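Results of the structural survey
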Number of protein chains: 2
Amino acid sequence: MSTDLYGFVAAFLTTIAFLPQVLRTYKTKSADDVSILMLLMFISGLCFWIIYGSKLHSLPVVIANTITLILNSSILAMKLAYSLNDSKRDLTV
Amino acid sequence: MSTDLYGFVAAFLTTIAFLPQVLRTYKTKSADDVSILMLLMFISGLCFWIIYGSKLHSLPVVIANTITLILNSSILAMKLAYSLNDSKRDLTV
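To keep things clear, this report deals only with the structure shown in the data block. All of these numbers come straight from a predicted model, not from anything done at the bench.

1. Description of the overall build of chain A
Across its full length, chain A carries four helices and zero strands. Ordering the α and β elements of chain A from the N terminus gives α-α-α-α. In terms of overall dimensions, chain A has a C-alpha envelope of 50 × 30 × 20 Å along the principal axes. By the burial criterion, 46% of the 93 residues in chain A qualify as buried. For chain A, the share of sequence-separated contacts (at least 6 apart) that also reach a separation of at least 24 residues comes to 71%. A total accessible area of about 4,700 Å² is found for chain A, and carbon and sulfur atoms account for 71% of it. For chain A, the distance from the average position of its 7 positive side-chain charges to the average position of its 5 negative side-chain charges is 5 Å.

2. Quick word on the relation of the copies chain A and chain B
Superposition of the two copies of the chain requires a rotation about an axis together with a shift along that axis. Note on the identical chains: chain A maps onto chain B by a rotation of 180° and an axial translation of 0.0 Å, with an RMSD of 0.0 Å. Here the copies are linked by what is in effect a two-fold axis. Every residue of chain A has its C-alpha some distance from the rotation axis, and the shortest such distance is that of Asp33 of chain A, at 2.6 Å. The residues that chain A uses at the interface reappear at the interface of chain B in 100% of cases, marking a shared surface.

3. Some details on unusual backbone geometry
Positive phi is not limited to glycine here, since Lys29 of chain A has a value of about 55°. You can see Lys29 of chain A is positioned in the loop between helix H2 (18–28) and helix H3 (36–55).

4. Quick notes on the interface of chain A and chain B
Tallying the contact residues gives 38 residues for chain A and 38 residues for chain B. Taken together, both faces of the contact between chain A and chain B bury some 3,700 Å²; the carbon and sulfur share is 70%. Inspection of the region where chain A meets chain B yields zero salt bridges. Applying the counting rule to chain A against chain B returns 13 residue pairs in polar contact (both at pLDDT 80 or more).

5. Overview of helix H1 (residues 3–16) of chain B
Taking 1.5 Å of rise per residue, the 14 residues of H1 of chain B would be expected to cover 20 Å, and the 20 Å separating its terminal C-alpha atoms lies within 8% of that figure. Taken together, the buried positions of H1 of chain B are Tyr6, Gly7, Ala10, Leu13, Thr14 and Thr15 of chain B. Next to the buried residues of H1 of chain B lie H3 of chain A together with helix H2 (18–28) and helix H4 (59–85) of chain B.

6. A few points about the packing of helix H3 (residues 36–55) of chain B against H4 of chain B
Residues and elements named next belong to chain B. With their axes 9 Å apart at the nearest point, H3 and H4 run at an angle of 155° to one another. Taken together, the axis directions place H3 and H4 in an arrangement best described as roughly antiparallel. Relative to H4, H3 is oriented so that their crossing is left-handed. Contact residues: H3 offers Ile36, Leu39, Leu40, Phe42, Ile43, Leu46, Cys47, Trp49, Ile50, Gly53 and Ser54, while H4 offers Val61, Val62, Asn65, Thr66, Thr68, Leu69, Asn72, Ser73, Ile75, Leu76, Lys79 and Leu80. Residues of the contact of H3 with H4, tallied by class, amount to 15 nonpolar, seven polar and one charged.

About the cut-offs
Residues numbered from 1 in each chain as written. Chains lettered and ligands numbered in written order. Predicted model: local features only at pLDDT ≥ 70, side-chain atom pairs only at ≥ 80, totals over all residues. Heavy atoms only, no water. Helix = DSSP H or I, 4+ residues; strand = E, 2+ residues; numbered from the N terminus. Buried < 20%, exposed > 50% of the residue type's maximum accessible area, 1.4 Å probe, protein only. Contact = heavy atoms within 4.5 Å. Areas by Shrake-Rupley, 256 points an atom, 1.4 Å probe, with all protein chains shown as cover. Lys, Arg positive; Asp, Glu negative; His and termini not counted. Charge placed at Lys NZ, Arg CZ, Asp CG, Glu CD. Least-squares fit on C-alpha atoms with pLDDT ≥ 70 in both. Buried area = accessible area lost by both parts, 1.4 Å probe. Salt bridge = Lys/Arg side-chain N within 4 Å of Asp/Glu carboxyl O. Polar contact = N/O pair within 3.5 Å; in protein donor to acceptor, adjacent residues only side chain to side chain. Expected span 1.5 Å × (residues − 1). Axes fitted to C-alpha atoms, helices over the stretch in contact; angles between N-to-C directions. Parallel < 35°, antiparallel > 145°, perpendicular 65-115°, else oblique. Left-handed = near helix turned anticlockwise from the far one by under 90°. Nonpolar A, V, L, I, M, F, W, Y, C, P; charged D, E, K, R; others polar.

What follows is the structure, encoded as structure tokens:
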């Protein structure tokens, strides 16, 4: 297995991994157990990865992190929406 | 801000982001809302990143992904342990 192939498989898995979380959160309408601080830090980090990738003109870094950003922003948006709906604003760590 | 600095900030944030999730899961003893499929796919991807980093002799890639792997494995272990404790084996997506 070539070195690049390990990288592609790695990038694919760590990017697409958040899709099951999006689907689960949408299905259960609950993300209480998901840390909002994790989402905020992760999303901030992804923005830095996208800037870094842009500066390096690395399309794979930009694309992979943009997809991950969209998925994690969806989880965050659902968490906030469902928390407000439940009137349980448990936004602690 | 130098290009490398964006990369370091990005790597720091997306690595350490999982610490609040570890602490939250430990505190609440619940990770029902966290998708097990996400954890399994993400952990598999991290293993590929570590192999990829090793093959490239890239210590930053190996170290950052090893820390993320440890944090995510802890979340998975706690999710499984608390699910078993509750006798609620909801291991669906």
